[in-house]
Structure formats: structure tokens, C-alpha cells
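Secondary and tertiary structure notes
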Amino acid sequence: MKLSARLAAVAELVPRGSRVIDVGTDHGYLPVYLAEHGLADAIFASDVNRGPLNQARKSAVAAGVSDKITFTLADGLPETVSGEVDTVVIAGMGGETIAGIVERAPWLRERDALLVLQPQTKVQELWETLRANGYATFEVRLVKDAGRIYVIMLARSAASGAVNAPVLELLVKRRDELLGEYLDDMTARATRIRKSLLRTGDIEEARRYEAALNYYDGIRNMMGVGEKVTTVNDVFAAMNEYAPVETKLGFDNVGLLVGRGAAEVTRVLVALDVTSAVIAEAKELGAQVIVSHHPIIFTEKTVTDATINGRKLLALGEAGVAAICMHTNLDAAVGGVNDALACAAGLNSVTLLDEEGTWNGAPYSLGRIGILEQPATLAEYLPKLKLGLGAEGLRYYDAGRQVRKVGLVSGSGGDRFETAVRQGCDTFLSGDLKYDLFLDAAELGVNVIDGGHFCTENLVVPVVAKYLRERFAGVEVRISTVHTVVPSFYVG
Ligand SMILES: [Zn+2]
């Protein structure tokens with residue numbers, strides 16, 4: 001049995017020769033591991049659900065250790081083991097759930113059991129519940145698994161003489177090597193919450209987070225933990241959280257397309273496209289990475305100065321500027337290009353136009369349907385839309401219908417016109433729309449607006465910049481001032 005870094009760290013904290021129960025054992029990884037390596041004298045595994053418990057049994061049978069583990073179906077800690085165990089592991093649950101399980105089993109404190117707790121959330125709340133219930137948290141460790149930092153707490157009855165101390169204090173004391181990163185995470189979280197509290201006018205609560213931020217700074221100073229260096233990889237990871245690359249269309253090429261992942265980033269330039277002017281701008285600003293929507297590499301087999309794109313790629317490399325390009329995945333993202341377009345178009349009750357696929361159980365789409373709450377004629381709607389898009393002009397077909405249900409696809413979305421019609425949209429908004437589509441629209445009696453490729457997409461640039469500013473407090477994020485819409489309108 002190979003354990004994840006998180007569970008391996010938990011296993012390491014189970015004293016050798018102990019009599020241990022793993023509560024909420026799920027797949028039984030931990031008990032099987034302990035049994036395989038002879039790390040405990042008695043091993044119990046419990047779960048509230050039959051399915052996971054059966055999984056755990058299967059894991060044990062597969063590993064040939066099923067006779068070494070006692071399986072129990074129980075909600076929380078089964079009373080039946082109260083005389084049998086001296087160590088309790090509860091890992092991978094929310095802090096409140098763990099706190100509830102401990103509270104409902106007072107015999108743990110009476111028997112001075114060792115608690116090895118790994119909450120996924122609400123660390124502070126769990127610590128407070130433990131203290132209120134007569135436990136002392138006497139050791140805390142951090143472990144990093146798949147890019148996320150987890151807290152593991154050791155506690156036992158305060159009557160045993162164990163000395164209770166706050167989580168951060170214990171981490172400082174042991175000079176945990178992940179403390180700097182953990183503080184960064186806490187700082188980012190507190191900064192985010194404080195900002196939203198200030199927006200809603202909850203000044204009192206915002207001050208509490210301000211105090212927490214000062215406290216984190218104090219620890220940093222005391223420990224000599226400097227601001228963590230942000231790398232190109234960090235910026236990419238943040239963008240990937242926002243717009244997972246798995247949700248891109250099949251033809252697309254997205255991600256960190258140019259650059260060194262470990263290079264330090266102090267400045268980011270956000271632009272819709274990586275043009276030569278944008279590259280020069282990044283160089284001028286001293287930005288180490290450009291975050292763009294359109295990919296700089298699609299089909300290149302060579303990078304030479306014989307092609308426009310080859311010259312751009314050479315310029316990036318020569319200037320040491322990386323390029324992170326998030327294209328159809330950013331179109332689809334929640335709060336991505338299409339949502340920015342729906343917002344700029346003054347639409348509400350925004351839903352997906354269709355279902356391109358699912359990611360993490362949620363469907364995603366490259367289009368949206370939005371409702372104009374106060375239906376208007378196209379003639380009334382167009383000036384507002386033009387302003388919202390910052391467009392110089394709009395191509396359109398007026399079918400004489402009220403604008404109410406608008407199907408929209410940012411960029412070049414003509415291929416989804418029929419989907420919008422099928423969904424009962426009276427108006428279709430996209431860019432790069434072809435002559436034939438306008439003819440079809442006239443046949444079908446559907447309003448069509450071509451807002452232009454740039455103007456229906458560039459709306460996302462400030463949204464991305466704002467997101468990156470919130471994620472990286474120490475990084476300066478600029479929006480390109482040189483990249484604007486290229487074609488103009490001449491209206492006689
Ligand atoms: Zn585009």
C-alpha cells in the first residue's frame with residue numbers, strides 16, 4: 001500500500017506498538033498500511049457508511065492483512081472500542097466534523113488517548129473545541145500533498161500534563177519548513193475575506209482579519225520567513241484553478257506555452273493576444289510573464305524569423321518573457337470570457353448555452369444564455385451594448401423582435417447560432433459572424449449582433465488581472481495599454 005503524502009505523514013505520527021482506530025477510514029488505506037508494516041499492535045477501522053467500509057475490507061484482503069484489522073460500522077467513535085484503543089486517528093474530514101466526533105466520545109479524555117487529527121478545514125475551530133473539552137494540542141505539523149498544505153494536530157487530555165499551545169505557535173516552535181507557505185495561504189485567505197467584508201461594510205469583522213494579517217506578518221518577521229517568491233509555475237497554477245486546462249476544446253493548445261516555470265515573477269502583463277507590441281510592452285515594463293487569451297503556439301513546427309509567429313516566439317525567448325495562454329478553457333470558465341460578456345451585455349439569470357462536457361461534476365459550456373430583464377427593441381439595446389463592449393460599431397440584423405433572451409458566445413461563435421435558436425433565443429450575440437448566418441437569421445426571424453471578436457473577448461482581461469492581483473499580493477499585475485481593437489469602422 002502506497003500512501004499519499006498526507007496519509008503518510010499521519011501514519012508517521014501513530015506511535016509504534018499502539019492500539020489504533022482510524023475513524024472514517026474510507027478506503028482503509030491507513031489501517032492496511034499500518035498492518036502491512038507491523039506498525040501497530042491492534043488496528044480498528046470504522047466508517048459511517050457501508051460502501052467505504054466494504055472498500056476498506058477489500059483493500060485489506062488484497063493486501064493479505066484482513067485478519068489484522070477489525071472493521072466496525074459506526075457513526076463516529078464506536079463505544080465498543082473504548083477499552084481497546086489508545087490512539088485515535090481522524091483524518092480527511094472537516095474540522096467541525098472531527099470536533100463533533102471527539103465531543104461525543106468523552107471516554108477518549110478519561111483514557112488519555114492520543115488524538116492524531118488531520119482536519120481539511122476549520123483548524124482554528126477544531127483547536128478551540130479541543131481546548132474547551134479539556135484537551136491539550138501539544139504538537140502540530142504541516143504536510144504538502146498535491147499542492148495543498150494540510151495541518152496535522154496531536155492532542156491528548158490536558159490532565160495528562162500535555163501543554164496546550166496555539167497552532168501557529170507550535171509550528172513556529174518546531175520551525176516547520178512549510179510554515180512560510182502556510183502563512184502565505186492564510187494571508188491570501190484573510191486578505192480575500194477582509195476585502196469582501198470591506199465591500200459589504202462589515203468594518204468590525206474586517207478589523208479582525210486585519211489583526212490576523214498583522215499577526216502573520218509578525219511571525220514572518222520573527223522567523224525571518226521572507227515573502228515567498230512567486231514563479232511562472234505559480235501564476236500558471238493559479239490560472240489553472242480559474243480555468244482548468246482539462247476544459248479546453250480538443251483542437252486547442254493552452255497552458256504555459258513559452259518560458260521557464262521556475263523563473264521568478266514580480267510583474268505580469270495581461271493581454272488578449274501576444275502581439276509583437278505586447279511583447280515589447282512586457283519587456284519595457286520588466287514583466288516576466290504575459291497572460292493571454294489566444295495561444296501563441298498552435299501548429300508551429302519551426303521557430304525562425306521567417307514567420308510572424310516565429311519572430312514573436314524568438315522575441316519572447318530573447319526577452320526572457322514567459323507566455324501563459326488560456327483560451328477555450330477561459331471561455332468556458334465560471335467568471336471567464338463568456339460570463340464577462342454576459343455581464344457587459346447587461347444580462348441576468350445567466351445559464352449555459354449547451355453542455356460541452358463536465359469537469360469536477362459540473363457541466364461547462366462555451367456559450368451562455370442571459371435574460372434582459374427589461375425587454376427592449378434592438379434599436380434601444382444596441383447603444384447600451386456598444387457602450388458595454390467598448391466597441392466602435394456593431395454589425396447587426398434586426399428581425400423586429402424584442403430583445404429578451406440572448407444567446408451569446410464570445411469571440412468567434414457563429415457555429416453555435418443554431419443551438420441558440422433551438423434554445424428559444426430571440427437574439428444572438430457573438431463575433432466574426434459570416435454572411436450566411438445573417439441570411440439564416442433573416443429566414444428564422446432572430447436578431448443577430450456581431451460585437452467583434454476583440455470586443456466580445458477583451459472584457460475578460462481586467463477580470464483576469466483582478467484575479468491575479470488578489471492571488472499574488474506581492475506581484476504587480478498590469479493590463480496591456482498597447483493592445484486594442486485593430487479593425488476600424490468607416491461609416492461615410
Ligand atoms: Zn478569440
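What comes next is a walk through the structure. (Residues numbered from 1 in each chain as written. Predicted model: local features only at pLDDT ≥ 70, side-chain atom pairs only at ≥ 80, totals over all residues.)

Regarding the sheet that holds strand S17 (residues 403-412)
The sheet built from six strands is open, its strands ordered S12-S15-S17-S18-S19-S16 with mixed pairing. Edge positions in the sheet fall to strand S12 (348-352) and strand S16 (395-397), since each of these pairs with one other strand and no more. The sheet shows a mean angle of 20° between the axes of neighbouring strands, taken without regard to direction. In this fold helix H14 (residues 337-344) packs onto S12, strand S15 (368-376) and S17, with an angle of close to 140° to the strand it touches most, S17. (Pairing = 2+ DSSP bridges. Helix = DSSP H or I, 4+ residues; strand = E, 2+ residues; numbered from the N terminus. Axes fitted to C-alpha atoms, helices over the stretch in contact; angles between N-to-C directions. Contact = placed C-beta atoms within 7 Å.)

As for the environment of Arg 50
Note that Arg 50 resides in helix H3 (residues 50-63). Here Arg 50 falls in the exposed class, since 9 other C-beta atoms lie within 10 Å of it. Through-space distance from the C-alpha of Arg 50 to that of Ala 74 is 9.3 Å; in sequence the pair is 24 residues apart. (Buried ≥ 20, exposed ≤ 12 C-beta atoms within 10 Å, placed from the backbone.)

Here's the deal with unusual backbone geometry
Excluding glycine, a negative phi dihedral is what most residues carry, and trans is how most peptide bonds are arranged. Located in the positive-phi region is Asp 112, a residue other than glycine, with phi close to 55°. Take Asp 112: it is sitting in the loop between helix H5 (107-110) and strand S5 (114-119). With a phi close to 45°, Arg 175 is a non-glycine residue in the positive phi region. Examined against the element boundaries, Arg 175 turns out to sit in the loop between helix H7 (167-173) and helix H8 (179-199).

What about the packing of H8 against helix H9 (residues 203-223)?
Taken N-terminus to C-terminus, the directions of H8 and H9 make an angle of 160°; their axes are 9 Å apart at the nearest point. The pairing of H8 with H9 is recorded here as roughly antiparallel in orientation. H9 is crossed by H8, and the crossing has left-handed handedness. Contacts between H8 and H9 pair Leu 179, Leu 183, Met 186, Thr 187, Ala 190, Thr 191, Ile 193, Arg 194, Leu 197 and Leu 198 from the former with Glu 205, Ala 206, Tyr 209, Glu 210, Ala 212, Leu 213, Tyr 216, Ile 219, Arg 220 and Met 223 from the latter. Of the residues contributing to the contact of H8 with H9, the split by class is 14 nonpolar, two polar and four charged. (Parallel < 35°, antiparallel > 145°, perpendicular 65-115°, else oblique. Left-handed = near helix turned anticlockwise from the far one by under 90°. Nonpolar A, V, L, I, M, F, W, Y, C, P; charged D, E, K, R; others polar.)

Quick word on the sheet that holds strand S7 (residues 148-157)
Strands belonging to one sheet form pairs held by backbone hydrogen bonds; the direction of such a pair is parallel or antiparallel. Here we have seven strands laid out as an open sheet, ordered S3-S2-S1-S4-S5-S7-S6, and mixed in their pairing. Of all the strands in the sheet, the pair left with one neighbour each is strand S3 (69-73) and strand S6 (135-145). Within this sheet the neighbouring strands show an average axis-to-axis angle of 20°, counted without direction. Of the pairings in the sheet, the one linking strand S1 (residues 18-23) to strand S2 (residues 40-47) comprises six bridges and is parallel in character. By the bridge assignment, Arg 19 is partnered in S2 with Ala 42.

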